[in-house]
Amino acid sequence: MTKLALSDEILMAVDKPSRYIGNEVNMVVKDPCSVDIRFAMCFPDVYEIGMSYLGIQILYDMFNRREDTWCERVYSPWPDLDRVMREQSIPLFSLESQTPIREFDFLGITIQYEMCYTNILQVLDLSGIPLLSKDRTKEDPIVIGGGPCTYNPEPIADFFDIFYIGEGETKYGELLELYKQYKISELTRREFLIRAAGIEGMYVPSLYEVTYKEDGTIEAITPTEEGVPRRVKKVVVTDFEEAPYPMKPVVPYLRATQDRVVLEVMRGCIRGCRFCQAGMIYRPTRQKPVELVKSYVDTMLRNTGYDEISISSLSTSDYKDLPELMDFLVDRIDRDHVQVSLPSLRVDAFSLDVMKKVQDIHKVSLTFAPEAGSQRLRNVINKGLTEEDILGGVTQAFSGGWNKVKLYFMMGLPTETREDVEGIPELCEKISEVYFDTVPKEERVGSLSITASASYFVPKPFTPFQWAPMLPRKDYMEHAGWAKDHFRRMKNTKRMRFTYHDEDISLIEGIYARGDRRLSALVLEVYRQGGIFDAWTEFFRMERYTNALEALGIDQEFYLTRERSVEEVLPWDHLDCGVSKAFLIREWERARREEVTGNCREQCSGCGAACFSEGACPAMN
């Protein structure tokens, strides 16, 4: 067993020491002398969260299939260990070999949400890697970022050498081969980065200059070196059937957030929800053949010891072979006593039949997301869900024995009115009436429970709402008050519960989501004030951000509540996710006219994603 980086005394003093010792089932161990490249893969959050992320499992498996590369893992130390490491000058280390991260060739950081930005600096700082990319030398690892936040990486551009725009299965091979040449050559770090920028999907922020107008908006984003592309286009997997997939995922010692076999059946989404960034940036939709997915099941169960399977996709109900796959999985439930965890499905007859089969006599809550309380606003956001669909679905659910319903909404959506907000409790009331009209009193088991949860809408890049103003904080609180007051007036209010998300965290997320390169100073200042784990409400401190914004002279309303013109140069306009700006503008205009756009299988909306590969986009089939 590898000698641990932390002493027994430290491990016994911190919470959940198994986060830091490695040696899990299916962990990959190699001889460091037999490889050319050592790659540290980081999720900048606590171990249990990071171990649940399928993307890292895929890349970990893919890298370690290479004989010349050893990929290891690292996560953010929890605050108790963070304090000890700083006090005792213990460098951050990998789990597999317990090697200091600064000794690796690459530090790859997946960036899943904006509120982990200060944790990125935590990882760099504890590793002894200069926080700013301009201060690094050839002796430091190449710091590369991937994940959804790279579609506007400008607020953290100063901290990264490269951003990988797109799906990791495609271009890492070229980058690693280039690095092997660089490592044994006289090339400088900047010369390597210039060459790396020539690989499709690689965005090197230090090779671009951003200029600003007097009003603070962007004048232009231009390359500073010849041969560097003016726009960086994302890369995608076009042969989804042949894409690498981990048959022996690492199994954690402690229970992770997603502690089960994960089956990715589809990538992308045919729906066109105008608020949803994932639905745009992961286009085009690609499906795995059902026979291939079936073949994964027995192998992964055998290699992990798990007794639960989860299906992964943005919209599982749209997987064409779902009925056949569910029949196969239900057979495993009956034969091998395996549990199947379902994501939120559309509430229809098929989905309810499936849920009856995979859930035991004790039925868990039925969960679905109307997103808006009124039909008008659901049309604005292009949800593709009518009140008739919702009430028809819950009627079938209540008839099938369910009596607990969870509904997810957003407040602060573009064009939202008081009537739209009060539609949330009114919809819940209609659902409760369906229950009492559908289920005879003598057949009711337990009591009806309806939970409505509302989040603060944050406009995101590469969506039709990227130009929309974010609702001011005081207005969000007013809207929440409207909803709470109206819930109290409902006849069945005792059967209902209403909650809404923390507004302060959402405001900072909103600043970062559409921020520009000038916000790197904000991330750095908040980190210097002690900010880490800002996605966790128990560690988030709004006063840090308030103080930093004031000290830096940053006008938060410039980033939050200002409606952008479609002619304005946006901080991410030099990146290309495949969905055209013309399409996003059309959808923004259709939203304001309350017009619905059909899904990809109904009719091609000309989003531009068909450019990647024939056969990948539903419009091409």
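A quick note: this is a predicted structure, and the numbers were derived from the prediction, not measured.

Colleague: Residue-level account of the overall build of the chain, with values.
Modeller: Each helix and strand counted, the chain has 20 helices and 19 strands in total. Against the globule reference of 25 Å for 621 residues, the chain gives a C-alpha radius of gyration of 25 Å, in line with a compact fold. Referenced to the eigenvectors of the C-alpha coordinate spread, the extents of the chain come out at roughly 80 × 65 × 55 Å. Looking at the chain as a whole, 59% of its 621 residues are labelled buried.

Colleague: Any details on the sheet that holds strand E13 (residues 308-312)? Residues and values, ideally.
Modeller: Spatially, three strands are ordered E10-E13-E14 in an open sheet, and the strand pairing comes out parallel. Taken across any chain shown, the strands that pair with only one partner, and hence form the sheet edges, are strand E10 (261-264) and strand E14 (339-341). Adjacent strand axes in the sheet meet at a mean angle of 25 degrees, parallel and antiparallel pairs treated alike. Taken together, the four bridges between E10 and E13 define a ladder with parallel strand orientation. Across the sheet, Leu 263 pairs through a bridge with Ile 311, a residue of E13. On top of the sheet, helix H9 (residues 290-304) reaches E10 and E13; it is set at about 160 degrees to E10, its chief contact. Sitting on the sheet, helix H10 (residues 322-336) touches E13 and E14, and the angle it makes with E13 is about 170 degrees.

Colleague: Run through helix H3 (residues 54-64), naming residues and quoting values.
Modeller: Burial of H3 is extensive: 11 of the 11 residues sit out of reach of the surface. Three or more residues of H3 are buried, namely Leu 54, Gly 55, Ile 56, Gln 57, Ile 58, Leu 59, Tyr 60, Asp 61, Met 62, Phe 63 and Asn 64.

Colleague: Please set out the packing of aromatic side chains residue by residue, giving values where relevant.
Modeller: Applying the stated rule across the entire model yields 34 aromatic pairs. Here the aromatic rings of Trp 78 and Phe 539 are separated by 5.2 Å at their centres, their planes lie at 80 degrees, and the arrangement is edge-to-face. Here Phe 539 lies in the loop between helix H17 (520-528) and helix H18 (542-552) and Trp 78 lies in the loop between strand E2 (69-75) and helix H4 (79-88), a separation of 461 residues in the sequence. Residue Trp 78 is classed as buried on the basis of its relative accessible area of 13%. Of the residues examined, Phe 539 reaches a relative accessible area of 24% and is grouped as partly exposed. Judged by centre distance (4.6 Å) and plane angle (25 degrees), the rings of Tyr 182 and Phe 192 are stacked. Placement of the pair is Tyr 182 in helix H6 (residues 172-183) and Phe 192 in helix H7 (residues 189-196), with a sequence separation of 10 residues. By the burial criterion, Tyr 182 is buried, and Phe 192 matches it. Above the face of the Trp 78 ring, Arg 19 is positioned so that its terminal group lies 5.1 Å from the ring centre. Positioned above the aromatic ring of Tyr 60, the side-chain terminus of Arg 73 is 5.6 Å from the ring centre.

Colleague: For the pattern of salt bridges, give the residues involved together with the corresponding values.
Modeller: Applying the stated rule across the entire model yields 57 salt bridges. Between Lys 430 and Glu 387 there is a salt bridge, and its shortest N-O distance comes to 3.0 Å. Pair noted here: Lys 430 is in helix H14 (residues 418-438) and Glu 387 is in helix H13 (residues 387-399), with a separation of 43 residues, a long-range link. The class of Glu 387 is partly exposed, set by a relative accessible area of 26%. What emerges from the salt-bridge pattern is a single network uniting Glu 167, Glu 169, Glu 264, Arg 267 and Arg 286.

Colleague: Pulling in residues and values, what's your account of helix H16 (residues 503-513)?
Modeller: Among the 11 residues in H16, 10 count as buried, and that is most of the element. Taken together, the buried positions of H16 are occupied by Glu 503, Asp 504, Ile 505, Ser 506, Leu 507, Ile 508, Gly 510, Ile 511, Tyr 512 and Ala 513. Where the residues of H16 are buried, they touch helix H5 (117-127), strand E17 (449-456), helix H15 (473-488), H17, H18 and helix H19 (556-560). Sitting at the amino-terminal end of H16 is Asp 502, which places a side-chain oxygen 2.8 Å from the backbone nitrogen of Asp 504.

Colleague: How would you explain the sheet that holds E17 if you had to name every residue and give the values?
Modeller: An order of E15-E16-E17-E18 is seen for the four strands of this open sheet, with the pairing classed as parallel. Strands with a single pairing partner mark the edges of an open sheet, and in this sheet they are strand E15 (366-371) and strand E18 (496-500). Each strand of the sheet is rotated relative to its neighbour by a mean of 20 degrees, with strand direction disregarded. The strands touched by H15 are strand E16 (404-411), E17 and E18; relative to E18, the strand with the most contacts, the crossing angle is about 175 degrees.

Colleague: Explain unusual backbone geometry residue by residue, including any values.
Modeller: Each neighbour pair has its own omega, and for Arg 283 with Pro 284 the value is 0 degrees, a cis peptide bond. Relative to the assigned elements, Pro 284 resides in the loop between helix H8 (277-281) and strand E12 (286-287). Of note in the backbone geometry, Asn 23 takes a positive phi value of approximately 60 degrees without being a glycine. Among the secondary structure elements, Asn 23 is positioned in the loop between helix H1 (8-13) and strand E1 (37-43). If you check the backbone angles, Phe 533 has positive phi at about 55 degrees while not being a glycine. Take Phe 533: it is sitting in the loop between H17 and H18. On the basis of relative accessibility, which here comes to 1%, the residue Phe 533 falls in the buried class.

Cut-offs and rules
- Residues numbered from 1 in each chain as written.
- Predicted model: local features only at pLDDT ≥ 70, side-chain atom pairs only at ≥ 80, totals over all residues.
- Heavy atoms only, no water.
- Helix = DSSP H or I, 4+ residues; strand = E, 2+ residues; numbered from the N terminus.
- Rg over C-alpha atoms; globule rule 2.2 N^0.38 Å.
- Buried < 20%, exposed > 50% of the residue type's maximum accessible area, 1.4 Å probe, protein only.
- Pairing = 2+ DSSP bridges.
- Axes fitted to C-alpha atoms, helices over the stretch in contact; angles between N-to-C directions.
- Contact = heavy atoms within 4.5 Å.
- Phe/Tyr/Trp six-rings, centres within 6.5 Å; stacked < 30°, edge-to-face > 60°.
- Lys NZ or Arg CZ within 6 Å of the ring centre and 35° of its normal.
- Salt bridge = Lys/Arg side-chain N within 4 Å of Asp/Glu carboxyl O.
- Polar contact = N/O pair within 3.5 Å; in protein donor to acceptor, adjacent residues only side chain to side chain.

Note that every value here comes from positions in space, so none of it alone points to a role or purpose.
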